[in-house]
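Residues per chain, in single letters:
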Amino acid sequence: MASSHSSSPVPRPGSGGRDGIYRKDRDPSPPRCRTIRSLPDVCPKEPTGEVRGLCNGPSVVAEHDRWTVFSSKVNLPAALNDPRLAKRESDFFTKTWGLDFAETEVMPSFYLPNITREDFGPYLQEMSQRERIHERCKTICPNKDDVDAVSSITTNHDKSRAELEQVPKIFMKPDFALEDPATFNNVLPWSHFNSAGGKSSRDVASSKLLQEKLSHYLDVVEVSIARQISLRSEAFFHAMSSQHELQDRLQETQRAVAVLRGRTAAMDRVMCQGPLQALRKAMTCNNCVKLHNKLKLMAAVHQTQPTVQLLLSTSEFVGALELIATTKEVLQQELQGIHSFRHLGSQLCELEKLIDKMMVEDFSMYSRSELSRSLKDEPQVLEKERLESLVFGLLRQRKLDFLDIYSDEMILAAKAIVTQCVADSVVHIEEIDTEVVIKQADQMRLMTFPQWFELLKNIFESFLLFLQRIKATLNIIRNVVLEVLNANQRNRLLEQASSGASGQEASQSPSVLQGEAELAYLTHEGLFISDALNEAQQQAALAAQDQSSTVGSRIQQGRLETAGSDSTSGASEMSASREQSIMSGENMMPTELELNRVVNNVQELLYTASDVSHDRCVKVLTARAKDGSLERLSSAEFVCLSQAVEGFVRDTEELCGRRSVSLRGALQSQANRFVHRFHEERKTKLSLLLDNERWKQAEVPAEFQDLVNSIADGKITLPERKATGPDEKKPAEFLLVNGQKYAVVGTVLLLIRIFLEYCQCVNDIPSIATDMLTRLSDLLKHFNSRSCQLVLGAGALQVVGLKTITTKNLALASRCLQLVVHYIPIIRAHFETKLQPKQFSVLRHFDHITKDYNDHIAEISAKLVAIMDSLFEKVLSKYEVKAPMPSACFRNVCKQMAKMHEAISELLPEEQTQMLFLRINASFKMHLKRQLARLGVINDGGPQHGLVVVDVAFYTENVQALKSLERLDLNMAEIWEQKR
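Please read all numbers here as calculations on a predicted model, not as lab measurements.

**Student:** Can you help me understand the overall build of the protein chain in this one?
**Tutor:** What the protein chain contains, in helices and strands, is 29 helices and 2 strands. A burial count over the protein chain gives 34% of its 980 residues as buried. By element, 55% of the accessible surface of the protein chain is carried by carbon and sulfur atoms, the whole surface being about 59400 Å².

This is the structure:
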């Protein structure tokens, strides 16, 4: 009977105790500290000292989205059977007193000593010698009866084995069963019987023989069994006698147990019932106090839903969420398993989802109203507290995608701004009928450029105000996010600082209480054992009461804050409440990584706002440019458009901190088209001028002289045209450039103005510098090639109708090319200031153009020399050395030289004229030398030599008499061949 659990002193006969009770010595080792556990109460109706917490039961709130007991589909008996126990009701005590009896640790008795092997040492030493002698005697002198018995047993065993071998092995098999057809046929061989029906005498004899054989087998087995029983009869009777002795001992033990029970009942009646009754009443009182606190807490929780409704009516989403979180925490910890609140958790979850939807809708409505209100109003954000509350609530619920809602509303508001601006502009234009022209793009194309440009500036101004409002709103959102982030960081630091100290205090206080309770239990300090545990129980009850009151006060505080928010609301109070909410709902708040991502998204949203504004302006620009109207703008109009766009881009970049490229790209695209049209117009104009140019020296108006003077002063710009007046300067014959006179044609004057227009466009629109440089290079190449075709190639004879290309035409063309070459380095330096360092490679076009122009000038000079060369060859081929002198041939040469000098001396500078006449003189000397060699005239002092010297002196005198050729060294001695 559960002897393992009985540690009470039992009387034992022959024990060493003085009072007939064997007492157990105390263990000299110090007692081990065990956790004080309450005795199991065998009466389930009475309150016990063990208060089981409600935290182990199912939670409707914590497991709302998981499996709960309400989702169970198992029947009640299956749920009541505890699968964690291997065997239930293992014995009488477990069945009667419950499972806790078997698991209860029984304190060892102080009256029973610890029996070890050393206690049996003297007895073993005394009996070991006798045992050795006895064993030696048995081996030396065996008993005769034993020998006879052994021999008889061996003989009988061999005889029984021989008899048993007669029995077929099939009867000895452990799986022997007559139900098996094969076994049945083997035991009863029916094949030996006649199967034709009827019983023959042979069949009867066979059946009798089989029956006798089986009876014999049965007898053999029964005899073997009887023999085995007879061999073991002594042991059997010994077991029976032992059983009777065991029964006697059990009866004695039963009487001792009855005596012990009587004494225990007396002790219970005298010493335990009173203290246990007092203990039960104290526990009942504590339970009543806890019940009262629970009821007050339940009353507070019962008012949660009305309070949340009141908070939602005033848009206090943060307070409502905080109240819901507190209530859910109370349901999980303090009111877990309360039947009346089984659905409250799911209701609070649904209410929380509803609040999430309400916050998202409210934020969407706020964003829509804030972005769509008139831009003429103050740029400050309206209802700042409402926005902060919404953002904080969305962060608390981890609705981190609320910026996407603001982005969608922002895009719609941007579209509405353009629509409103166009509608306001069209109202004041009578030429546009909105009923006929419905689309806004068509309406914008019907406007004149000043009207459309005014509309564009209004759109730019509206978008700047729009971006200022967005930036102010996003700054508030960023400040709320940073406030939450800073609060999280402070809380983390405080937890890290206080975790060590609080952990030490928490580990010391329970150990002190437990140590005192165990010491009191072991030393029986006080009248009753329970007195030592009263203090610890009272402290635990006070701690639970304080926790309940704290949670209830939090709910009451939430309701009081709701009532107070209706009357007064300030920035400091809201900040304090947000701080408290952050600390209380820290686990619900986003992590620092998520908050930093939200801060980055806020900045990206500001960049997106800038991009959206630029995209809407691009649509306005492309709608206007769809019919090519922007390509047909004048330079001044396009410059105004470019300056307005650049100003808007610069302002948005300063406001948003990001450089948007869409509007600049659209402007660049329009600028490329403008540059193409600009270049084609001027190239066509230059071609027309060249095709109508008669290559005569043109007068230089004062306007062009002022233009050239402004270039000399370092201003590569077009000066403003002055109004004509009575004191207007007369046109000059030459163009003065840095003190040099340039005789030019009218086309070159206009060319100078054209490339200044190119430079002016680059000043106004720096983004088109590369494209404009390429187009200007093409224009200069076109002028060079076309002038070469018209003058050197004599194309002017057919195009303009000139009779011939004179030396004056050639000299004038050369001087015009020299003027253009003079301005190429200036143009290059101007473009170099407008280009990026990585774009300097395009400047090589000017080097190629300069080389082409210089080659063209050299070709013109060669052409002039070739004209005179052909003349010398024709005239000197008829030269004869005879009187009169000077000869007619030399007179003709001098006449042509004078005409040449008269044609070019006023067009070309003095140095170029001298160089040209030196080349002409060299050609003359070459032809004269060749003619003299043909005539055989040598430098011998003869009459022919004298006549030639006279002609040469006449030629030298006439050439040096020309202007600017006085000091020209003709070196006429080279005409004579050296004497051999």
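**Student:** What exactly am I supposed to notice about a negative patch on the surface here?
**Tutor:** A contiguous patch of negative charge, built from E699, E733, E902 and E906, is present on the exposed surface. Residue placement: E906 occurs in the loop between α27 (888-904) and α28 (910-935).

**Student:** In this structure, what is going on with the pattern of salt bridges? I would like to understand it.
**Tutor:** One side chain can pair with another of opposite charge once the charged atoms of both are near each other. This structure, assessed with the given rule, holds 15 salt bridges. Measuring nitrogen to oxygen at the nearest pair gives 3.0 Å for the salt bridge that ties E370 to R373. Residue class for R373 comes out buried when judged on its relative accessible area of 13%.

**Student:** In this structure, what is going on with unusual backbone geometry? I would like to understand it.
**Tutor:** A negative phi holds for most residues other than glycine; trans holds for most peptide bonds. Cis geometry marks the peptide bond from A883 to P884; its omega dihedral reads 0 degrees. Locating P884 in the fold gives a position in the loop between α26 (844-876) and α27. With an omega of -10 degrees, the peptide bond running from M885 to P886 counts as cis. The residue P886 is located in the loop between α26 and α27 in this model. Within the chain, W695 stands out as a residue other than glycine whose phi angle is a positive 55 degrees. Relative to the assigned elements, W695 resides in the loop between α20 (662-691) and α21 (702-712). Residue W695 is classed as buried on the basis of its relative accessible area, which comes to 2%. If you check the backbone angles, A794 has positive phi at about 60 degrees while not being a glycine. Locating A794 in the fold gives a position in the loop between α23 (769-792) and α24 (796-799). Judged by relative accessible area, which is 23%, A794 ranks as partly exposed.

**Student:** Would you explain the packing of aromatic side chains in this entry?
**Tutor:** For any pair of aromatic rings, geometry is given as the distance between the ring centres together with the angle between the planes. For the structure shown, the criterion picks out 17 aromatic pairs. Aromatic pair F363 and F402: ring centres 5.4 Å apart, planes at 90 degrees, arrangement edge-to-face. Here F363 is found in helix α11 (residues 344-372), whereas its partner F402 is found in helix α13 (residues 402-427), with 39 residues between them in sequence. The class for F402 is buried, based on a relative accessible area of 1%. Considering the side-chain rings of F449 and W452, the 6.2 Å spacing of their centres and the 40 degrees angle between planes classify their relative orientation as tilted. In this pair, F449 and W452 are both assigned in helix α15 (residues 449-523), 3 residues apart and thus about one turn of the helix distant. Comparing F449 with W452, the two get one shared label, buried. Members of the aromatic cluster, each reached through a chain of ring pairs, are F872, Y879, F890, F924 and Y955. Against the face of Y742 rests R815, its NZ or CZ located 3.8 Å from the ring centre.

**Student:** Could you clarify how one ought to interpret the side chain of S407 in this entry?
**Tutor:** Counting through the fold element by element, S407 comes out in helix α13. Setting aside chain neighbours within four positions, we find S407 in contact with L605 and T608.

**Student:** Mind showing me how you'd approach the environment of R478 here?
**Tutor:** Here R478 shows up in helix α15. Sequence-wise, R478 and V391 are 87 residues apart; in three dimensions their C-alpha atoms are separated by 9.6 Å. If sequence neighbours within four positions are ignored, R478 has contacts with V599, V602 and Q603. Polar side-chain contacts of R478 include one of 3.0 Å to the side chain of Q603.

**Student:** Help me understand the confidence of the model for the protein chain, please; the structure alone is not making it clear to me.
**Tutor:** Detail in the predicted coordinates should be disregarded across regions flagged by low pLDDT. Taken residue by residue, the protein chain gives an average pLDDT of 76. The fraction at 70 or more is 74%. Here helix α16 (residues 531-567) stands out as the least confident element of the protein chain, with mean pLDDT 48; α26 is the most confident, with 92. Within the model, the stretch residues 1-64 combines pLDDT values under 50 with 86 contacts to residues more than four positions away or in other chains. Within the model, pLDDT remains below 50 along residues 559-574, and this stretch shows 12 contacts once partners closer than five positions in the same chain are excluded.

**Student:** I would appreciate a short explanation of the packing of α20 against α23 in the present structure.
**Tutor:** Geometrically, a packed helix pair is captured by the angle between its two axes and the distance between the axes. Where α20 meets α23, the closest approach of the two axes is 10 Å, and the angle between their N-to-C directions is 15 degrees. When the axes of α20 and α23 are compared, the pair comes out roughly parallel. For the crossing formed where α20 meets α23, the hand is right-handed. Mapping the contact onto sequence places N672, V675, H676, F678, H679, R682, K683, L686, S687, L690 and D691 in α20 and D771, M772, R775, D778, L779, H782, F783, R786 and L790 in α23. Partitioned by chemical class, the residues of the contact of α20 with α23 number 8 nonpolar, 5 polar and 7 charged.

**Student:** When you look at the nonpolar core in this model, what are you seeing that I'm missing?
**Tutor:** The nonpolar side chains of a soluble globular protein tend to be buried, and buried together. Grouped together as the largest cluster of nonpolar side chains are 199 residues, with contacts concentrated most on W452, F466, L641, I752, F831, L928 and Y955. Sorting elements by how many residues they give to this core places α15 first, with 19 residues. For W452, the residues in contact, after removing those within four places along its chain, are M444, M447, V620, L621, R624, L630 and L641.

**Student:** Sorry, what's going on with helix α4 (residues 121-140) here?
**Tutor:** Helical geometry: 3.6 residues make up each α-helical turn, so side chains three or four residues apart lie on a common side. Here α4 spans 29 Å end to end across 20 residues, near enough to the 28 Å set by a 1.5 Å rise per residue. Along α4, the sharpest kink reaches roughly 30 degrees, centred on M127.

**Student:** I keep staring at a nonpolar patch on the surface and nothing clicks. Help me out?
**Tutor:** Where nonpolar side chains cluster on the molecular surface, the patch consists of I115, F120, Y123 and L124 and spans about 410 Å² of accessible area. Note on placement: I115 falls in the loop between α3 (99-103) and α4.

**Student:** Is there a simple way to explain the state of the cysteines in this structure?
**Tutor:** Such a bond, covalent and formed between the sulfur atoms of two cysteines, is termed a disulfide. Under the defined criterion, the tally for this structure stands at 0 disulfides. Here C759 is not disulfide-linked; the sulfur of C761 is the nearest cysteine sulfur, at 9.5 Å. Taking relative accessible area as the criterion, C759 reaches 0% and is therefore assigned buried.

**Student:** In this structure, what is going on with the environment of V948? I would like to understand it.
**Tutor:** By the secondary structure assignment, V948 is in helix α29 (residues 943-960). On a C-alpha basis, the gap between V948 and K882 in space is 8.8 Å, while along the polypeptide they are 66 residues apart. Apart from residues no more than four positions distant in its own chain, V948 is found in contact with Y879, V881, L932, V937, I975 and W976.

**Student:** Is there a simple way to think about the packing of helix α9 (residues 304-313) against α11 in this case?
**Tutor:** Following both chains from N to C, one finds α9 and α11 inclined at 5 degrees, their axes separated by 12 Å at the closest point. Relative to α11, the element α9 lies roughly parallel. Along the contact surface, α9 presents T304, Q305, V308, Q309 and L312, while α11 presents L344, Q347, L348, L351, I355 and M358. Classifying every residue of the contact of α9 with α11 gives 7 nonpolar, 4 polar and no charged.

**Student:** Can you walk me through the side chain of D951 in this structure?
**Tutor:** Assignment of secondary structure puts D951 in helix α29. Within the buried core, D951 has no salt-bridge partner, and the shortest N-O distance to an opposite charge, that of R891, equals 7.4 Å. With residues up to four places along the chain from it excluded, the contact list for D951 reads Y879, M885, P886, S887 and F890.

Rules used throughout
- Residues numbered from 1 in each chain as written.
- Predicted model: local features only at pLDDT ≥ 70, side-chain atom pairs only at ≥ 80, totals over all residues.
- Heavy atoms only, no water.
- Helix = DSSP H or I, 4+ residues; strand = E, 2+ residues; numbered from the N terminus.
- Buried < 20%, exposed > 50% of the residue type's maximum accessible area, 1.4 Å probe, protein only.
- Areas by Shrake-Rupley, 256 points an atom, 1.4 Å probe, with all protein chains shown as cover.
- Patch = residues over 30% accessible without salt bridge, like charges linked within 9 Å, V, L, I, M, F, W, Y side chains within 5 Å.
- Salt bridge = Lys/Arg side-chain N within 4 Å of Asp/Glu carboxyl O.
- Lys, Arg positive; Asp, Glu negative; His and termini not counted.
- Charge placed at Lys NZ, Arg CZ, Asp CG, Glu CD.
- Phe/Tyr/Trp six-rings, centres within 6.5 Å; stacked < 30°, edge-to-face > 60°.
- Lys NZ or Arg CZ within 6 Å of the ring centre and 35° of its normal.
- Contact = heavy atoms within 4.5 Å.
- Polar contact = N/O pair within 3.5 Å; in protein donor to acceptor, adjacent residues only side chain to side chain.
- pLDDT = per-residue confidence, 0-100.
- Axes fitted to C-alpha atoms, helices over the stretch in contact; angles between N-to-C directions.
- Parallel < 35°, antiparallel > 145°, perpendicular 65-115°, else oblique.
- Left-handed = near helix turned anticlockwise from the far one by under 90°.
- Nonpolar A, V, L, I, M, F, W, Y, C, P; charged D, E, K, R; others polar.
- Core = buried A, V, L, I, M, F, W, Y, C linked by side-chain atoms within 4.5 Å.
- Expected span 1.5 Å × (residues − 1).
- Bend = angle between axes of the 7 residues up to and from the residue.
- Disulfide = S-S within 2.5 Å.

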